[in-house]
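# Summary of the model geometry
Next come the chains, spelled out residue by residue.
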Amino acid sequence: MAEYDLVVVGGGPTGENVADRAVSGGLSVALVEAERVGGECSYWACMPSKALLRPAAVLAQARAVPGAAEAVTGSLDAAAVLARRDEVVSGFDDAGQAEWLSGAGVSLVRGRARLAGPRGVEVTGPDGGTSELTARHAVAVCTGSVPFVPGVPGLAEAGFWTSREGTAAKEVPESLVVIGGGVVACELAWAWHSLGARVHMLARGGRLLSGNEPFAGERVAEALRAAGVEVRTGADVVEVAGGADGRTVRFRDGSGEHRVTAAEVLVATGRRPATDGLGLETVGLDAAALADVDDSCRVRGVEEGWLYAVGDVNGRANVTHMGKYQGRAVGDAIAARARGGEAAPEPWSRWAATADHHAVPQVVFTEPEVAAVGRTEEAAREAGLRVRAVEYDLGWVAGAGLFAPGYAGRAKMVVDEDRRVVVGCTLVGPGVGELVHAATVAVVGEVPLERLWHAVPAFPTVSEVWLRLLEAYGR
Ligand SMILES: Cc1cc2nc3c(=O)[nH]c(=O)nc-3n(C[C@H](O)[C@H](O)[C@H](O)COP(=O)(O)OP(=O)(O)OC[C@H]3O[C@@H](n4cnc5c(N)ncnc54)[C@H](O)[C@@H]3O)c2cc1C
Ligand SMILES: NC(=O)c1ccc[n+]([C@@H]2O[C@H](COP(=O)([O-])OP(=O)(O)OC[C@H]3O[C@@H](n4cnc5c(N)ncnc54)[C@H](O)[C@@H]3O)[C@@H](O)[C@H]2O)c1
């Protein structure tokens, strides 16, 4: 039985960061990975999806600028885009990331882990053999999430894509029905449409990207429709059936019952924590327990506090950057506690993932992009804040006009009237993903509006929208 100070279960971006920080803090660390070091993000999520989307964005932006537009005479080369995607995922080979782990001083154990009593981890290796690891101080569960698949009659029999096939497919399907209206649905609808598939989206809710300000989903839906994607909102999928022509999806919306047939069906209806077979019962817990963590991601109610749940598996903020952020805090906290310190997760201390609560940035890489941080106006009001929001048309900013004539976009800033600080910001438009960090700094730093006036955006950049938003709010 091998003993380490810390055993990390799951080598996605979150687990890698927990392990790296704990080693830097002087601990011995084993990391157990069942599939590929780098996790979902590197092979079937963030990286391949962005590789599929980027060429279309570049092409659209070149086409929007006279002088460059004339030089664009062809369309996307789908085979080259897929080849680039394969390059970005290193041909699904994790040797590079495994080497990085080893260089960082982390011991990689390949296999599937399950808890085996307090501080115990049993690993079933690729050859089916089992081994046991013991953690002197802590076990960090960083197993991520798996697709949530609704129980639609006929779906399983007909066969469907999840985000795995939706990012890793080797060929462009002739047609695709996307079930869902969230981030995965919007991004992958764009990606496969841009590569030549006929795409039909069926979103259950009244709008796309429902976690964002309403104008975000509306603008993305408008753009998808303008590009030729069929977008249906308020659509309830009733049944899916396989046949010679592909897969037929029967759905209902406000106008009645309809059918659509496509070569493939992509189910993008959210994700759930990856806790199956994790052995939580051996320590007296159920799957829900991993969502009940303090701000250092320590699972509550576990005697001696040796168990942590970090990243997607705790459901606090399911994006890679927040998993990594949690991972840094957790690795540092475990190391500090192993040295006998308390590492109390006081708000904004190095041991607390405080930003998870209301300062999470996210970029949706559609065309236009959606970039947001903090609370929407509605969420802020629901949280009891007295807020005032201002909006500004990005197309009126000089830098946007230079970015592309006819640039279309919108920005919204939500201000806490009592503290006079920004608590949320949403930007929609081409290339706005690169603008969101300024908003994140304002939200996390709780920079007073009076001081924000002194943060002068360079001319002529799209960031001048900050000045316009402040003017719209009034001094
Ligand atoms: C299509 C798609 C696109 C996305 N795009 C973005 C994006 O652009 N930006 C962004 O920030 N986020 C994006 N996300 C979200 C992002 O992928 C996740 O938030 C991120 O991967 C979470 O990291 P993690 O390390 O917590 O989990 P994961 O990346 O899921 O890693 C978990 C690891 O644990 C391993 N594991 C699981 N169970 C066991 C076990 N029992 N034993 C051993 N190992 C185990 C798995 O094999 C996996 O390697 C996207 C998600 C999807 C689906
Ligand atoms: N660029 C990024 O940062 C990025 C990209 C992709 C995914 N992600 C993350 O990955 C996670 C998963 O994304 P997602 O899009 O799968 O989830 P999501 O929660 O964003 O969207 C789920 C969608 O499925 C719909 N839905 C849920 N149950 C349904 C049902 N039974 N029938 C029909 N529709 C149903 C919801 O109405 C919603 O539109 C999210 O946390 C997301 O933030 C991030």
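Residues numbered from 1 in each chain as written. Chains lettered and ligands numbered in written order. Predicted model: local features only at pLDDT ≥ 70, side-chain atom pairs only at ≥ 80, totals over all residues. Heavy atoms only, no water.

Overall, antiparallel pairing links the 3 strands, which are arranged β11-β12-β13 in an open sheet. Edge strands, defined here as strands with exactly one partner in the open sheet, are β11 (236-243) and β13 (256-262). Adjacent strand axes in the sheet meet at a mean angle of 20° when their direction is disregarded. Note that strand β12 (residues 246-253) and β13 share 7 bridges and pair antiparallel. (Pairing = 2+ DSSP bridges. Helix = DSSP H or I, 4+ residues; strand = E, 2+ residues; numbered from the N terminus. Axes fitted to C-alpha atoms, helices over the stretch in contact; angles between N-to-C directions.)

What follows is about the pattern of salt bridges. Under the definition given, this model contains 35 salt bridges. Across the pair Glu264 and Arg247 runs a salt bridge whose closest N-O atoms are separated by 3.5 Å. Here Arg247 lies in strand β12 and Glu264 lies in strand β14 (residues 264-267), a separation of 17 residues in the sequence. We note a salt bridge from Glu377 to Lys412, for which the minimum N-O separation is 2.8 Å. One end of the pair, Glu377, is in helix α12 (residues 377-382); the other, Lys412, is in strand β20 (residues 410-416), with 35 residues separating them in the sequence. Residue Lys412 is classed as buried on the basis of its relative accessible area of 6%. Three or more residues joined by partner-sharing salt bridges are found here, namely Glu213, Glu377, Arg381, Glu391, Arg410 and Lys412. (Salt bridge = Lys/Arg side-chain N within 4 Å of Asp/Glu carboxyl O. Buried < 20%, exposed > 50% of the residue type's maximum accessible area, 1.4 Å probe, protein only.)

Counting across every chain of the model gives 0 disulfides. No disulfide involves Cys186; its sulfur sits 16 Å from the nearest other cysteine sulfur, which is in Cys46. (Disulfide = S-S within 2.5 Å.)

Assigned domains within the chain: domain 1 (2-38 + 94-146 + 272-338), domain 2 (155-269) and domain 3 (368-473). Taking only C-alpha atoms, the centre of domain 1 and the centre of domain 3 are 37 Å apart. (Domains from an automatic or database assignment.)

Attention shifts here to the site of ligand 1. In the vicinity of ligand 1 lie 35 residues, with Glu33, Lys50, Ala113, Asp312 and Thr320 positioned nearest. Separating an oxygen atom of ligand 1 from a backbone N or O atom of Val319 is a distance of 3.4 Å. Interatomic distance of 2.9 Å between a backbone N/O atom of Thr320 and an oxygen atom of ligand 1. When isolated, ligand 1 has an accessible area of 1,000 Å², and the protein chains bury 91% of it. Elements that contribute at least two residues to the shell around ligand 1 include exactly α1 (13-24), β2 (29-33), α2 (39-44), α3 (46-63), β4 (112-115) and α10 (320-338). Of the residues that constitute the shell around ligand 1, the class distribution is 12 nonpolar, 15 polar and 8 charged. (Near = heavy atom within 4 Å. Polar contact = N/O pair within 3.5 Å; in protein donor to acceptor, adjacent residues only side chain to side chain. Areas by Shrake-Rupley, 256 points an atom, 1.4 Å probe, with all protein chains shown as cover. Nonpolar A, V, L, I, M, F, W, Y, C, P; charged D, E, K, R; others polar.)

Another point: the UniProt feature "binding site: FAD" (unreviewed entry) in the chain. UniProt's entry tags Lys50, Thr143, Gly144, Ser145 and Asp312 with the feature "binding site: FAD" (unreviewed entry), counted in the numbering of this structure. Topologically, Thr143 is positioned in the loop between β6 (130-141) and β7 (145-147). Residue Thr143 is classed as partly exposed on the basis of its relative accessible area of 24%. Ignoring any residue separated from it by four or fewer positions in sequence, one finds Thr143 in contact with Val9, Ala274, Leu278 and Val313. A polar contact of 2.7 Å, which involves the side chain of Thr143, links it to the backbone oxygen of Ala274. Dropping the residues within four chain positions of it, Gly144 is found in contact with Pro273, Ala274, Asp312 and Val313. (UniProt positions renumbered as here; feature names shortened; annotations may be inferred. Contact = heavy atoms within 4.5 Å.)

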